[in-house]
Amino acid sequence: MAVVDYKKLGLVNTRDMFKRAIGGGYAIPAFNFNNLEQLQAIITASSELKSPVILQVSKGARKYANQTLLRYLAEGAVQYAKELGCHHPEIVLHLDHGDSFETCKSCVDFGFSSVMIDGSALPYEENIALTKKVVEYAHQYDVTVEAELGVLAGVEDEVASEVSHYTKPEEVVDFSTRTGCDSLAISIGTSHGAYKFTPEQCTRDPKTGRLVPPPLAFDVLAAIEKQLPGFPIVLHGSSSVPQEYVDIINEHGGKLPNAVGIPEDQLRRAAKSAVCKINIDSDSRLAFTAGVRQTFDEHPEYFDPRQYCGKAREYMVDLYKHKITDVLGSDGKLVNCD
Ligand code: G3H
Ligand code: 13P
Ligand code: ZN
């Protein structure tokens, strides 16, 4: 099967946008999508704000929505952005958490412009060997490769073992040189999902009673940047779990007690550093769910998906715009904003 050239689809890889993001002290949003409404909201927000954007497809998304459909949606997204008045969009189609050479190869062959090979759970030398193999294949087609070193903490992990999961700064030069990866996802205290910390790991704001998470390990980030000056760093697990959406969900029949994410001031600080890609998925799920629950609660007579998915889409547009403008700072950062 011939390899699909992503450039012919109007997509771009991450190389140039990361370089500009590091130099400019901002980060590119990497939003996961699984369905039409999420994609419409991402493209609406990024086009109106003239922001480069990374569309992320996970293994779960490929299974849920079908890889072929998602790829054609991404191709359509380029045209949709133009229709919205963004005549020179910079859209990356990226495989999130690729788990094997075969998965990464199939995405490269299929028109993705960027892939992640996540060998973070493997022993160090095996992670290097696998990542290198993916890089050698992907670079033949000018597809960029994100790798991961260090394991993201999870609330289910033993607190005692969390520190040892952080990326080891003394390994990053060896890893990036030997693999040839284009960007590196690191572990400095973020984690996936809407429950990033247990209540025991947090303090409580005396005024609001809300949970206040422990800070990210900015010392580890600084040490990594010192080892790899100017090298693109990626943060996974960077949803902030906005309490306004959690409250709407809980007020309208949901049950998300003690959901907590990464405070936005910490993400702002990270975006100003060599962190040039920030991954957000859970926040979109929360905005979507808030819109659907609220609509059903207020209008039990509704049964047209456009009624409740429309509200969900509005909430997601607001969310993405807020992230782009107030957290990552990627608005107005297209090479050509005409
Ligand atoms: O990193 C995980 C992303 O949030 C994707 O999640 O595998 O449930 O699609 P998923
Ligand atoms: P969140 O669960 O914090 O949104 O993280 C998403 C992510 O890292 C996707 O790879
Ligand atoms: Zn992730």
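Naming follows an unreviewed UniProt entry, where the protein chain appears as Fructose-1,6-bisphosphate aldolase, class II of Prevotella multiformis DSM 16608.

Undergrad: Please give an account of unusual backbone geometry that cites residues and values.
TA: The residue His97 is not glycine, and still its phi comes out positive at about 55 degrees. Of note in the backbone geometry, Val241 takes a positive phi value of approximately 50 degrees without being a glycine. Examined against the element boundaries, Val241 turns out to sit in the loop between β9 (233-235) and α10 (243-251).

Undergrad: Let's hear about the pattern of salt bridges: which residues, and what values?
TA: On inspection of all chains with the given rule, the structure shows 20 salt bridges. Across the pair Glu75 and Arg71 runs a salt bridge, and its minimum N-O distance is 2.8 Å. Of this pair, Glu75 and Arg71 are both found in helix α4 (residues 67-83), four residues apart, which corresponds to roughly one turn of the helix. Given the relative accessible area of 25%, Glu75 is considered partly exposed. The exposure class assigned to Arg71 is buried, which follows from its relative accessible area of 5%. Within the structure, one salt-bridge network assembled from shared partners comprises Lys7, Arg15, Asp142 and Asp182.

Undergrad: For the sheet that holds strand β4 (residues 114-117), give the residues involved together with the corresponding values.
TA: Two pairing modes exist for strands in a sheet, parallel and antiparallel, and in both the strands are linked by backbone hydrogen bonds. Around the barrel, eight strands lie side by side as β1-β2-β3-β4-β5-β6-β9-β10; this closed barrel has parallel pairing. Averaged over all pairs of adjacent strands, the angle between their axes in this sheet comes to 25 degrees, without regard to strand direction. With four bridges connecting them, strand β5 (residues 144-149) and strand β6 (residues 183-186) associate as parallel partners. The residue of β6 that forms the bridge with Leu149 is Ile186. Here α4 sits on the sheet in contact with β2 (53-57) and β3 (91-98), set at roughly 150 degrees to β3.

Undergrad: Kindly report on the UniProt feature "active site" (unreviewed entry) in the protein chain, identifying the contributing residues and their values.
TA: Here, UniProt's "active site" (unreviewed entry) annotation points to Asp96. Mapped onto the elements of the fold, Asp96 is located in strand β3. Aside from chain neighbours lying at most four places away, what touches Asp96 is Asn32, Gln56, Val57, Ser58, Lys59, Met116, His236 and Asn279. Within polar-contact distance, the side chain of Asp96 engages the side chain of Asn32 at 3.0 Å.

Undergrad: Describe the coordination of the zinc ion (ligand 3), listing the residues and the values that go with them.
TA: Donor atoms from the polypeptide that coordinate the zinc ion (ligand 3) comprise His97 (NE2), His192 (NE2) and His236 (ND1), at 2.0 to 2.1 Å from the metal. Ordering the donors of the zinc ion (ligand 3) by residue number gives the pattern H-x94-H-x43-H. Here His192 lies in the loop between β6 and β7 (203-204) and His97 lies in strand β3, a separation of 95 residues in the sequence. Here His97 falls in the partly exposed class, since its relative accessible area comes to 21%.

Undergrad: Quick rundown of the site of ligand 1? Include the residues and the values.
TA: Taken together, Asn32, Ser58, Asp96, His97, His192, Asp281 and Arg285 form the complete shell of residues around ligand 1. Residue Ser58 places a side-chain N or O atom 2.6 Å away from an oxygen atom belonging to ligand 1. His192 is positioned such that a nitrogen or oxygen atom in its side chain is 3.1 Å from an oxygen atom of ligand 1. For ligand 1, the protein covers 67% of the area, taking 300 Å² as the surface of the free molecule.

Conventions adopted
Residues numbered from 1 in each chain as written. Chains lettered and ligands numbered in written order. Predicted model: local features only at pLDDT ≥ 70, side-chain atom pairs only at ≥ 80, totals over all residues. Heavy atoms only, no water. Helix = DSSP H or I, 4+ residues; strand = E, 2+ residues; numbered from the N terminus. Salt bridge = Lys/Arg side-chain N within 4 Å of Asp/Glu carboxyl O. Buried < 20%, exposed > 50% of the residue type's maximum accessible area, 1.4 Å probe, protein only. Pairing = 2+ DSSP bridges. Axes fitted to C-alpha atoms, helices over the stretch in contact; angles between N-to-C directions. Contact = heavy atoms within 4.5 Å. UniProt positions renumbered as here; feature names shortened; annotations may be inferred. Polar contact = N/O pair within 3.5 Å; in protein donor to acceptor, adjacent residues only side chain to side chain. Donors = N, O, S within 2.8 Å, 3.2 Å for Na, K, Ca; no water. Near = heavy atom within 4 Å. Areas by Shrake-Rupley, 256 points an atom, 1.4 Å probe, with all protein chains shown as cover.

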